[in-house]
Amino acid sequence: MLSLSHNLKNQLQEALEKAFPEAVASAKKSDSPLEATLVATGKEEFGDFQVNSCFQLAKTLRKSPRDIALEIVKYLNMDPDFSEMCDPPKIAGPGFINITISKDQLIKEIRSRLTDKRLGIPFEDSSKDIEKLKPVIIDFSSPNIAKEMHVGHLRSTIIGDSLARIFEFRGYKVLRLNHVGDWGTQFGMLISHLKEVAPEALTDPNAFEISDLVKFYKEAKKRFDEDENFQDISRKEVIKLQNKDIESLNAWNLLCEQSRREFEKIYERLDINIQERGESFYNPFLKQVINDLEKDKLLVTDDGAKCIFLVDKDQNQNNLPPVIVQKRDGGFNYATTDLAAIRYRFRNSPEGDGASRLIYVTDSGQSSHFNGVFQVAKRAEWIPKGCRMEHVPFGLVLGEDGKKLKTRSGETIKLSDLLDEAIKKAKSDIRQRLQKEEREESETFIEKVGKTIGIAAVKYADLSQNRTTDYQFSYKKMLSLQGNTAPYLLYAVVRIAGIIRKGDNIQVSLREITFNEDKEWSLLRQILKLDEVIIEVEEELLPNRLCTYLFELSQIFNRFYDQMPVLKAEEPYRSSRLVLCRLTADTLKLGLSLLGINTLERM
RNA sequence: GGGGCUGUAGCUCAGCUGGAUAGAGCGACGGUUUCCUAAACCGUAGGUCGUGGGUUCGAGUCCCGCCAGCCCCGCCA
């Protein structure tokens, strides 16, 4: 109902200006113009929209909110466009104006949805605005080379992918970047260690599995922490790498290649498309970062390290920590890489991506890091006008005990194991149900449905939570058939698919659409809200809002389904209800696809 | 010590940027099936929104203090 509410807003503003011309005119001259705001109602009994502004206006206009409401309503009623769209507005409570879209208008809206594959979601038209042609960069997932993907990468991967899908659907050019950890001291450690204990790993890509590499990594880390001599060797190895020593570089490439293959497996299972561009990509630009910061007089050398001291909002420097961009030993660190990345991403091609918006999907523990880096980038004036960068933080994945999710033995949980487990549990749920219902299904069916539900459950559980808080991971809850879960939503889709299967030769008639039940109108209204929700998610970067919407849609549909026969209804109700079913299914499928979730016809 | 995030029903969480009587789901209790997948639906019970102030017509939402939990804080990413 985006365009509708847009029209309404204009009509409302006009009514306000006609009702109180002097007040509006004088307010316009000052900095605070009088505006009436239109909000969706909290409850259906209040109609579709409510105007809350009469209270605020009461003070400046020196009238009671109800009197102001009366005046505005008077002019709204005189507007023929308004009267065509809406029922006569009602004044309620101490001074709310409740607006209800007329039934004719609602049917008009729903009719236009039937022929619109985008279900009312506007397409951001790139040709109109040159800024919009610039890509949005979403930096997400970002595992480390020579390590397996684990729970820690789950949220970033799922949330980042969903945001990317939403931006893509809206028509933006999106760059999905996998900022993998493929550089730094860790490689010095690992390569030095491998040279000693398993040199074949550095020449033969098939010598070891990724899990072996992880083992070697842990050993290397331990040695590094305990043995000063080994620290020296490792640092020298890093320098060799940086100086492009052939042998070291080959070893490094091999490690990356091996990890890449493992990552790909996970991305394929999760149906995630992402372009690798690791930290090492920015190596050639690091020196320039330092030079330019130096030129801008932002750099301070402190205890041998080159850094920028942060300032608070009043430009004060009270004890705020520095962002270190060059270590005492001359090496660069992650802040340097991130700064180089920011600059590269905003710069126009061919030396950059020419992006308009940078979105970083990482855990909230990195908030202060990004604050610091963003501040430096701003002070260095590396952010073009009209462009923005945002950290999209998310909380930890907790176990059911409320502590950081770990295996029983205290190890980090591998992402592949986590997905296996979800699928395994989904399949066993299906088997139990089939037995209970005495249904026969093929192994292929169980396999496919189990996989779809398992992956959907993991993704949906994560996305349906407001990402800023920690989230409690529970197979039982995410696979549950009741509540705000993937199976519940998938089931709604399946129910509709069932109707459409059985009602062969369904022809959705565009001629007559008629409703006369509350359950029909509620469903119709909910269907029409999709566009607003998508725009909101795009703005707030909160996919859980979309989940809430889809869950509510499923609930409303199930209530409708429970009481409104579709196939057995008389015409024109049969076709009209079929329209609702079809659009509900389309909406659920589109919404879920934007979350990266596949649907089923039967389950 | 400094900074950030969080605190809402027994549990897990929403709460659309300050609006009407604070909402879901789970769990508990009770009900619904000759009918499109009951994997559903309906009803009941359950709240001092951590706490104390403030701002205003109006605060879970904004500001200040305090309490509790988690995370970050100079050469790891």
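Residues numbered from 1 in each chain as written. Chains lettered and ligands numbered in written order. Predicted model: local features only at pLDDT ≥ 70, side-chain atom pairs only at ≥ 80, totals over all residues. Heavy atoms only, no water.

**Student:** Would you take a moment to explain the overall build of chain A for this structure?
**Tutor:** When its secondary structure is counted, chain A shows 23 helices and 14 strands. The C-alpha extent of chain A, read off along each of the three principal axes, is 85 × 75 × 45 Å. In chain A, the proportion of contacts linking residues at least 24 apart, taken out of those at least 6 apart, comes to 72%. As displayed, chain A offers around 29,700 Å² of accessible surface, 48% of which is attributable to carbon and sulfur atoms. Averaging the locations of the 89 positively and 93 negatively charged side chains of chain A gives two centres separated by 1 Å. (Helix = DSSP H or I, 4+ residues; strand = E, 2+ residues; numbered from the N terminus. Contact = heavy atoms within 4.5 Å. Areas by Shrake-Rupley, 256 points an atom, 1.4 Å probe, with all protein chains shown as cover. Lys, Arg positive; Asp, Glu negative; His and termini not counted. Charge placed at Lys NZ, Arg CZ, Asp CG, Glu CD.)

**Student:** What should I look at first to understand the environment of R511 in this one?
**Tutor:** Structurally, R511 is set in the loop between α19 (486-502) and α20 (518-527). Note on R511: relative accessible area 76%, which makes it exposed. Through-space distance from the C-alpha of R511 to that of P143 is 54 Å; in sequence the pair is 368 residues apart. (Buried < 20%, exposed > 50% of the residue type's maximum accessible area, 1.4 Å probe, protein only.)

**Student:** In this structure, what is going on with the pattern of salt bridges? I would like to understand it.
**Tutor:** Where side chains of opposite charge bring their charged atoms close, a pairing between them can arise. Evaluated as defined, the whole model comprises 40 salt bridges. One salt bridge in this structure joins R176 and D161, with 2.8 Å as the shortest N-O distance. Here R176 is found in strand β6 (residues 174-178), whereas its partner D161 is found in helix α8 (residues 151-170), with 15 residues between them in sequence. Overlapping salt bridges, with partners in common, bring together D161, R165, E168, R176 and D271 in one network. (Salt bridge = Lys/Arg side-chain N within 4 Å of Asp/Glu carboxyl O.)

**Student:** Looking at this structure, I do not really get the side chain of N558. What am I missing?
**Tutor:** Along the chain, N558 turns up in helix α22 (residues 544-563). Of the polar contacts made by the side chain of N558, one reaches the side chain of Y488; its length is 3.0 Å. With sequence-adjacent residues up to four places away left out, N558 is seen in contact with Y488 and R495. (Polar contact = N/O pair within 3.5 Å; in protein donor to acceptor, adjacent residues only side chain to side chain.)

**Student:** Could you clarify how one ought to interpret the protein's contact with RNA strand B in this entry?
**Tutor:** In the neighbourhood of RNA strand B, 62 residues make up the surrounding shell, with E279, D302, K327, Y491 and E540 lying closest. Within 4 Å of the protein, the contacting atoms of RNA strand B are drawn from sugar and phosphate to the extent of 63%. R328 has a polar backbone atom sitting 2.7 Å from a base oxygen of RNA strand B. One nitrogen or oxygen atom from the main chain of I499 is found 3.4 Å from a sugar or linking oxygen belonging to RNA strand B. Going through the elements one at a time, α3 (53-61), β4 (96-99), β10 (322-326), α16 (415-437), β14 (471-472), α19, α21 (530-540) and α22 are the ones with two or more residues in the surface near RNA strand B. The element contributing the most residues to the surface near RNA strand B is α22, with nine residues. The class makeup of the residues in the surface near RNA strand B is 22 nonpolar, 19 polar and 21 charged. (Near = heavy atom within 4 Å. Nonpolar A, V, L, I, M, F, W, Y, C, P; charged D, E, K, R; others polar.)

**Student:** Explain the domain arrangement of chain A here, please?
**Tutor:** Quoted interface sizes are often the accessible area lost when the parts come together. With domains assigned, chain A is organised as domain 1 (2-101), domain 2 (131-180 + 279-395), domain 3 (185-270), domain 4 (396-480) and domain 5 (487-603). Here the C-alpha centre of domain 5 lies 25 Å away from the C-alpha centre of domain 4. Listed per partner, the contact involves 18 residues of domain 4 and 17 residues of domain 5. Here domain 4 and domain 5 share an interface that buries about 1,500 Å² over both sides, 66% of which is from carbon and sulfur atoms. Connecting domain 4 to domain 5 are one salt bridge. (Domains from an automatic or database assignment. Buried area = accessible area lost by both parts, 1.4 Å probe.)

**Student:** When you look at the sheet that holds strand β8 (residues 300-302) in this model, what are you seeing that I'm missing?
**Tutor:** Across a sheet, paired strands are connected by hydrogen bonds in the backbone, their directions being either parallel or antiparallel. Taken together, the three strands give an open sheet; going across it, the order is β8-β9-β10, and neighbouring strands pair in antiparallel fashion. Edge positions in the open sheet fall to β8 and β10, since each of these has one partner strand only. In this sheet, adjacent strand axes meet at a mean angle of 45° when their direction is disregarded. Note that strand β9 (residues 305-309) and β10 share four bridges and pair antiparallel. Counted as the bridge partner of C307 is I324 from β10. (Pairing = 2+ DSSP bridges. Axes fitted to C-alpha atoms, helices over the stretch in contact; angles between N-to-C directions.)

**Student:** Hey, could you run me through the packing of helix α17 (residues 443-463) against α19 in this one?
**Tutor:** Angle between the axes and distance between the axes: these two values describe a pair of packed helices. Packing of α17 against α19 brings their axes to within 8 Å, and their N-to-C directions diverge by 125°. The orientation of α17 with respect to α19, classified from their angle, is oblique. Here I453, A456, A457 and Y460 of α17 lie close against α19, whose contacting residues are A486, P487, L489 and L490. Looking at the contact of α17 with α19, its residues break down into eight nonpolar, no polar and no charged. (Parallel < 35°, antiparallel > 145°, perpendicular 65-115°, else oblique.)

**Student:** Looking at this structure, I do not really get the packing of helix α6 (residues 103-114) against helix α23 (residues 573-594). What am I missing?
**Tutor:** Contact pair α6 / α23: the axes reach a minimum separation of 11 Å and the direction vectors enclose 55°. Taken together, the axes of α6 and α23 are oblique relative to one another. Between α6 and α23 the crossing geometry is left-handed. Here I110, R113 and L114 of α6 lie close against α23, whose contacting residues are V579, R582 and L583. Among the residues making up the contact of α6 with α23, the classes are represented as four nonpolar, no polar and two charged. (Left-handed = near helix turned anticlockwise from the far one by under 90°.)

**Student:** How should I be thinking about the environment of I191 in this particular structure?
**Tutor:** When you line up the elements, I191 lands in helix α9 (residues 185-197). Separated by 50 residues in the primary sequence, I191 and L241 have C-alpha atoms spaced 9.9 Å apart. The contacts of I191, once residues within four sequence positions are left out, are L202, E237, L241, S248, A251, W252 and L255.

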